[in-house]
Every structure is written in C-alpha cells, then in structure tokens.
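Close look at the chain arrangement
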Amino acid sequence: ASVHHMRAQMGNYARGQHSVLHVQGNTSAMTQFLPADIASFQTGHADVRVVLEECWSEDAVRKVRSGEVDLAVIVEGPDVGGLHAVGYRHDQLAAVMCKDDELGARSPLAFADVLERDLVGLEGSSTLTRLLEAHAAQLMRPMALRVQVRSFEAVCRAVEARLGIGVLPLAAARSFADALGLRVQPLTDPWALRAMLLCTRHEPEPASALGRLVAHLKALAD
C-alpha cells in the first residue's frame, strides 16, 4: 500500500501537481455540496490534487488526528478537542415520506410527530442515527427504526416502498424526491439545523495548499 501511494504521489508530480491533499467528507456534505465546492477550488489551483473520500464524521476526525487525511468535513457532534476546527456550511434535517402520507398534512412538523411511525434510517454508527436516538431518548419516546441502510438514496427507496418515514438532510432528500414521488418536509426542532466543520490537525499556513483549500471552503460557508 505504501509503494502504491508513493507511485501515485510521483504521478502527481509528473503531471505538474506538486501538492496532494487527502480530504474526507461526511455523507451529508458529500451528497449535497462538497464535491462541487472542491471542483471550484480545483479550477483555480491546477498545482493541487485533491483526493476526496466519503466517511462517517467520527472516522474522519480520527483519521485527521492520526495524520491519515489532511482535512475532515464533518457535522458537529464528534469531539474535535485539540484540532483546528472552523465553520463551513449548514444542513437542515427533514422528514421524507410518500406524497400521499397523512403525516405530510401536519405543518409545522416536529421530530416528535415522526416518532409516531416506523422509521427508515442509516446504520447505527452514523452521526445522524445517533443524533436521532439521543433526541428520542430526551423525549422519552421509543424510536422504531424498522430499516437501516448505508446511503441516503437507500433510505429514500425504502420510504418509496412504504417501509417507514426517513429523516435526512433537506437538500439531499430533495435530490431524490421528484424521481421517487416523495414529500420532503423540514423539521421545526432547533437541533434539526446542523452546523458543519472543517477540521485539520493544526491551523494551516495561509499560503500552503491546505491553507488555500480551507480558505476557499470557508468563503463558501452559508
């Protein structure tokens, strides 16, 4: 693996790309806006090659600490103590259901309303599933997680099959809604608006490749 990595690095130098940055983004960021934001950076920085990979937030933080990756793009929640963390974008959680579901008639819609139904969610190690479980516990309500999958698209397809209600980031859910005949309704709970963070081991030098990438992503923060 080390030899393969070294060959890849040498190939980058041969193409005139003198810096290689390894970036891991959580599923929400990867589904919604991170690839486009990275692409816009690459347009003006031909000397930098960005290698982008999807990862759960906790795993991405661990890899930044160990030096395996240069930058983690995560949803707030994991412990980032000792790391350099700055704000990036936000995402809004929303309920995903079939268009004819009677739950869609409720407005505003809170997470407590969704707990009345079977849920479709991501696997238990995901930041989103743990967040939902924690808030269900605060409400002292059971969370009937009927189906667990590994991707936002799989959640939406299970909802389409009427196996339950999903809770996903708003923009990601809307990207599947029309094709699958789904309704997407934002949750009104204050915690449903989540902040994202850019995490590095140390504050990067502004002129470095990593410093330029972090500055570019910060400038796109909403």
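Everything below is about the structure printed above this text.
Computed from a predicted model, the values in this text were never measured in an experiment.

Details of the overall build of the chain
On a plain count of helices and strands, the chain comes out with nine helices and nine strands. Taking 17 Å as the expected radius of gyration for a compact globule of 222 residues, we find that the chain reaches 19 Å, a close match to that expectation. Judged by the C-alpha coordinates and their principal axes, the chain covers about 60 × 35 × 35 Å. Per-residue burial for the chain yields a buried fraction of 49% across its 222 residues. Residue pairs at least 24 apart in sequence account for 76% of intrachain contacts in the chain once pairs closer than 6 positions are excluded. Of the accessible surface of the chain, which amounts to about 10,800 Å², a share of 52% is contributed by carbon and sulfur atoms. Each charge class in the chain was averaged separately, 22 positive and 26 negative side chains, and the resulting centres sit 4 Å apart.

Quick word on the pairing of strand E4 (residues 84-98)
Sheet analysis places E4 next to strand E9 (residues 193-200), joined by seven bridges and oriented antiparallel. Bridge assignment links Gln92 to a residue of E9, and that residue is Leu193. Alignment of E4 against strand E7 (residues 165-169), held across four bridges, turns out to be antiparallel. The partner of Val96 across the bridge, within E7, is Gly166. In this structure, E4 lies alongside strand E8 (residues 182-186), joined through five bridges in antiparallel fashion. Bridge pairing links Ala94 to Pro186 in E8.

A look at the packing of helix H3 (residues 34-44) against helix H9 (residues 209-219)
Packed helix pairs are specified by the crossing angle of their axes together with the interaxial distance, meaning the distance between the axes. Axis separation between H3 and H9 bottoms out at 10 Å; the angle between their running directions is 125°. The pairing of H3 with H9 is recorded here as oblique in orientation. You can see that H3 and H9 cross each other, and the crossing is right-handed. Residues Leu34, Asp37, Ile38, Ser40 and Phe41 of H3 touch H9, and the partners they reach there are Ala209, Arg212, Leu213, His216 and Leu217. Considered class by class, the residues forming the contact of H3 with H9 number six nonpolar, two polar and two charged.

Concerning the side chain of Gln185
On the secondary structure map, Gln185 appears in strand E8. By relative accessible area, Gln185 is classed as buried at 11%. At a separation of 2.4 Å, a polar atom in the side chain of Gln185 contacts the main-chain carbonyl oxygen of Arg106. Non-local contacts of Gln185, meaning those with residues more than four positions away in its chain, are made with Ala94, Ala95, Met97, Gly104, Arg106, Ser107 and Leu109.

About the criteria used
- Chains are numbered independently. Their residues run from 1 in the order of the written sequence.
- Only residues with pLDDT of at least 70 get local features here, since the model is predicted, and only at 80 or more are side-chain atom pairs given and counted; chain-wide, interface and lining totals rely on the full set of residues.
- Neither water nor hydrogens contribute to the side-chain values; these are computed over all heavy atoms in the structure.
- Starting at the N terminus, helices and strands are each numbered in turn, a helix being any DSSP run of H or I of at least four residues and a strand any DSSP run of E of at least two.
- In this treatment the radius of gyration is a C-alpha quantity, and the globule benchmark scales as 2.2 Å times the residue count to the 0.38 power.
- The cut-offs for exposure are 20% and 50% of the maximum accessible area for each residue type, with area from a 1.4 Å probe on protein chains only; residues under the lower value are buried, those over the upper are exposed, and the others partly exposed.
- It only takes one pair of heavy atoms within 4.5 Å for two residues to be counted as in contact.
- Computed with the Shrake-Rupley method and a 1.4 Å probe, the accessible areas treat only the protein chains shown as cover for residues.
- Note that His is not counted, nor are the chain ends; the positive residues are Lys and Arg, and the negative ones are Asp and Glu.
- Positions of charges follow a simple convention, taking NZ of Lys, CZ of Arg, CG of Asp or CD of Glu.
- DSSP bridges decide pairing: two strands pair if at least two such bridges lie between them.
- Fitted lines through C-alpha atoms serve as axes, helices being fitted only where they are in contact, and the angles separating the N-to-C directions of these axes extend from 0 to 180 degrees.
- Any angle between 65 and 115 degrees counts as roughly perpendicular, while under 35 counts as roughly parallel, over 145 as roughly antiparallel, and the rest as oblique.
- Rotating anticlockwise by less than a right angle from the far helix to the near helix defines a left-handed crossing, while the corresponding clockwise rotation defines a right-handed one.
- Charged means Asp, Glu, Lys or Arg here, nonpolar means Ala, Val, Leu, Ile, Met, Phe, Trp, Tyr, Cys or Pro, and polar covers whatever is left, Gly included.
- Pairs of N or O atoms are called polar contacts if they sit within 3.5 Å, as long as, within protein, a hydrogen donor faces a hydrogen acceptor (for residues adjacent in sequence, only side-chain-to-side-chain pairs).

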